[in-house]
Amino acid sequence: MNTQRSIFPLRREGNRWRMFSALLLAMLAGNAPAATHYVLKDNPGAESPFSSWDTAAPDIQSAIDVAAEGDDILVESGLYDSGSTFYDNCTNRIVVPSAVTVQSVNGPASTTLQGGAGVRCATLLGSARLIGFRLTGSEECGAVWGDDGSATVEHCWLEGNTAVRGGGARGVSLRDCTLRQNTASLQGGGAYDCSLQDCLLLGNSAEQGGGASASFLWNCTVTSNTASDAGGGTLDSVLRGCLVVGNSAGQGGGCAGTESVLYNCTLSGNQAATVGGGVQGGLLFNTIVQDNVAGNASNEWDGSILQYCLTSPLPDGEGNQTGDPLFEDSGSGNYRLKPESSCIDAGTNQDWMAGATDLDEGPRIVNEIADLGAYEYNPPPVPDPQVILLGIQGSPIDSGAPPDVEAGTDWGSRTGHAAARTFALTNAGNAAVLLSGATFSGTGADAFSVQAFPSAVETGALQQFQIVFQPDQALVYEAALHVLHSASNTPSPFVLNVRGTGVLPAHRYVSLGNPQAAPPYTNWATAASDIQSAIDVSLEDDTVWVSNGLYAAGSVEGPGEVLHRIAITNAIVVRSVNGPGTAFIQGESGMR
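Residues numbered from 1 in each chain as written. Predicted model: local features only at pLDDT ≥ 70, side-chain atom pairs only at ≥ 80, totals over all residues. Heavy atoms only, no water.

## Observations concerning the sheet that holds strand E28 (residues 226-230)
Working step 1: Strand order in the open sheet formed by 7 strands is E16-E20-E24-E28-E32-E36-E40, with parallel pairing between adjacent strands. Because the sheet does not close on itself, it has two edges, and the strands there are strand E16 (162-165) and strand E40 (293-294).
Working step 2: Where strand E32 (residues 248-251) lies against strand E36 (residues 271-272), 2 bridges are found, and the strand directions are parallel. In the strand pairing of E36, Ser248 is matched with Gln271. (Pairing = 2+ DSSP bridges. Helix = DSSP H or I, 4+ residues; strand = E, 2+ residues; numbered from the N terminus.)

## Things to note about the environment of Cys255
Working step 1: In this structure, Cys255 sits in strand E33 (residues 255-256).
Working step 2: You can call Cys255 buried: its relative accessible area is 0%.
Working step 3: Along the chain, Cys255 and Ser237 lie 18 residues apart, while their C-alpha atoms are 8.3 Å from each other.
Working step 4: Ignoring anything within four residues of it in the chain, the contact list for Cys255 reads Gly231, Thr234, Leu239, Val244, Leu262, Leu267, Gly278, Val279 and Gln280. (Buried < 20%, exposed > 50% of the residue type's maximum accessible area, 1.4 Å probe, protein only. Contact = heavy atoms within 4.5 Å.)

## Here we look at the pairing of strand E53 (residues 494-503)
Working step 1: Along E53, 7 of the 10 residues are buried, which leaves the element largely enclosed by surrounding structure.
Working step 2: In terms of strand pairing, strand E46 (residues 410-414) meets E53 through 5 bridges, oriented parallel. By the bridge assignment, Gly412 is partnered in E53 with Thr501.

## Details of the side chain of Asn292
Working step 1: Note on placement: Asn292 falls in the loop between strand E39 (288-289) and E40.
Working step 2: A polar contact is formed between the side chain of Asn292 and the backbone nitrogen of Ser268, at a distance of 3.5 Å.
Working step 3: A polar side-chain atom of Asn292 sits 3.3 Å from the main-chain carbonyl oxygen of Gln290. (Polar contact = N/O pair within 3.5 Å; in protein donor to acceptor, adjacent residues only side chain to side chain.)

## Things to note about the packing of aromatic side chains
Working step 1: For the structure on display, the rule yields 15 aromatic pairs.
Working step 2: Measuring from ring centre to ring centre gives 5.7 Å for Trp218 and Trp352, while their planes differ by 90°; the resulting arrangement is edge-to-face. Taken as a pair, Trp218 in strand E26 (residues 216-218) and Trp352 in the loop between strand E44 (334-337) and strand E45 (387-390) lie far apart in primary sequence, 134 residues in all. Of the two residues, Trp218 and Trp352, neither departs from the other in class, the shared state being buried. (Phe/Tyr/Trp six-rings, centres within 6.5 Å; stacked < 30°, edge-to-face > 60°.)

## Some remarks on the sheet that holds strand E12 (residues 134-136)
Working step 1: Here 10 strands make up an open sheet; going across it, the order is E5-E9-E12-E15-E19-E23-E27-E31-E35-E39 and the pairing parallel. Both edges of this open sheet fall to strand E5 (78-80) and E39, since each of them pairs with a single strand only.
Working step 2: Bridge analysis of strand E15 (residues 157-159) against strand E19 (residues 178-180) gives 3 bridges, and the strand direction is parallel. Note that in E19 the partner of Trp157 across the bridge is Thr178.

## Describing the environment of Ser413
Working step 1: Among the secondary structure elements, Ser413 is positioned in strand E46.
Working step 2: Classification of Ser413 by relative accessible area gives buried; the value is 3%.
Working step 3: As a C-alpha pair, Ser413 and Trp145 span 268 residues in sequence and 78 Å in three-dimensional space.
Working step 4: Leaving out residues up to four positions away in the same chain, Ser413 has contacts with Ala418, Ala419, Phe469, Pro471, Thr501, Gly502, Val503 and Leu539.

## Section: the pattern of salt bridges
Working step 1: Enumeration according to the criterion identifies 12 salt bridges in this entry.
Working step 2: Across the salt bridge formed by Arg180 and Glu159, the nearest N and O atoms sit 2.3 Å from each other. Remark: Glu159 occurs in strand E15 and Arg180 occurs in strand E19; sequence separation between them is 21 residues.
Working step 3: On the basis of relative accessible area, Glu159 is assigned to the buried category, the value being 11%.
Working step 4: A cluster of three or more residues bridged by salt bridges with shared partners is formed by Arg134, Glu159 and Arg180. (Salt bridge = Lys/Arg side-chain N within 4 Å of Asp/Glu carboxyl O.)

## Considerations on the side chain of Thr415
Working step 1: Relative to the helices and strands, Thr415 is located in the loop between E46 and strand E47 (419-427).
Working step 2: Classification of Thr415 by relative accessible area gives buried; the value is 19%.
Working step 3: Setting aside chain neighbours within four positions, we find Thr415 in contact with Pro471, Asp472, Gln473, Ala474, Gly502, Val503 and Leu504.

Quick look at the structure:
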């Protein structure tokens with residue numbers, strides 16, 4: 001088998017899936033794992049301790065059973081719907097002991113733990129970790145349960161599970177997970193007694209706390225959850241930097257409960273049949289509660305204590321305000337603040353904000369004082385396109401620099417023939433560079449032309465173009481290419497000075513080992529000491545004369561990446577002075 005596998009790209013949609021590698025397993029454990037065990041569904045070659053893909057366990061629990069503390073278990077894609085370990089009054093597909101990590105290779109889209117009636121997908125003990133699975137189909141027991149709250153579920157999808165409390169999860173920490181369409185008959189349709197960070201709670205339901213109950217949520221999106229009684233989004237939970245939209249309940253459409261505490265949250269578009277369309281009860285700081293609806297009264301809030309919040313009617317409390325928060329486009333789900341919003345720099349700073357991020361993963365505090373709501377206003381960078389012109393060797397060329405052989409701006413061509421040089425434009429700024437013209441001036445301008453010149457260069461892009469020199473006489477031609485552009489780092493127009501020399505066909509000479517060799521090798525006294533050196537300076541129609549000797553040194557990469565003693569790539573003639581009996585080109589093994 002010996003199939004090479006890579007750890008899946010992990011990060012849920014909307015948060016730019018992060019790339020993970022197998023080394024993550026060691027980092028998660030805090031030190032090098034004692035062993036790695038492998039799981040390949042129904043593998044006929046399974047052999048304990050399942051230490052390779054060839055001998056991988058046929059099911060996950062078999063690998064868990066041989067794992068020691070600190071071990072890691074890698075699971076290949078598949079539907080894992082067998083296993084019946086009894087724990088916590090439920091049958092479990094898997095029970096993971098403390099300090100053991102179980103991780104899928106290809107992520108939740110490809111790897112499923114399937115529960116059943118009275119069958120939980122996973123129980124995690126102590127500091128166990130479960131990474132990259134879809135957990136679904138558990139009835140009555142919920143998808144995942146932890147015994148003391150220290151187990152971690154990461155980059156998982158918990159979908160379509162049921163329980164009395166915590167239809168999706170109970171007693172675990174969840175990171176970067178999606179909890180969708182889970183149900184609890186009492187509390188916490190998505191999660192109960194959990195810690196959630198960077199999670200999406202969508203379409204879950206319960207009698208109380210449709211999305212989550214008795215939980216801590218940090219930078220989560222809670223949307224379209226329902227509760228028949230209280231807390232469509234959350235009940236008696238602590239929320240930091242969360243977006244709570246489109247939830248519904250009998251009371252407290254977004255959040256409810258006297259134990260609720262909300263910091264820097266945005267509650268909008270929630271509904272309650274009776275009171276508290278946005279929130280019922282609890283403490284709110286730096287939070288926006290706007291455009292919620294309640295059936296009987298108090299569309300926005302009811303029985304809550306608010307400080308540094310925007311809502312209506314204006315509540316008692318320090319720093320509160322009312323009015324339009326000026327969302328970018330709440331109709332399309334964009335609850336970020338417009339530049340003129342009164343919520344910007346209107347909050348109160350708290351200790352937890354040091355080093356914290358907002359829902360966009362930007363700094364929680366941008367301008368010394370925290371904003372209101374889940375999103376901190378972060379002004380877009382001022383457009384700053386920056387153009388850089390690169391010579392033939394990739395080195396930058398300054399505007400107005402004199403012609404230079406090494407940069408490629410000083411070269412020659414045989415009269416009547418064209419010789420091109422390739423240059424490049426790159427953009428080191430944060431906005432596209434617009435190029436509106438490229439024209440030559442100077443006495444030699446007619447001998448130069450530009451080919452494939454771009455009209456724009458995007459950020460980080462590299463656009464090549466050519467300058468073609470075609471002289472009609474054996475003269476020196478000088479010109480300046482003027483490039484109009486929108487870049488901020490150099491004057492417009494950018495001036496590229498070029499020089500071309502038109503030459504007649506020349507004779508060049510080679511004398512083996514000549515100590516006086518000096519380009520362009522146009523006489524015997526300064527003849528090249530090897531053939532390739534003379535070839536390299538020759539132009540079309542030149543003739544290279546080679547004196548007697550055995551030429552057995554030097555190498556050059558020719559066509560097909562094959563080494564050659566010499567390589568002729570243009571229309572020149574290489575001729576020995578005295579014929580084949582006196583001048584020899586000798587190859588060697590692996591060289592032409």
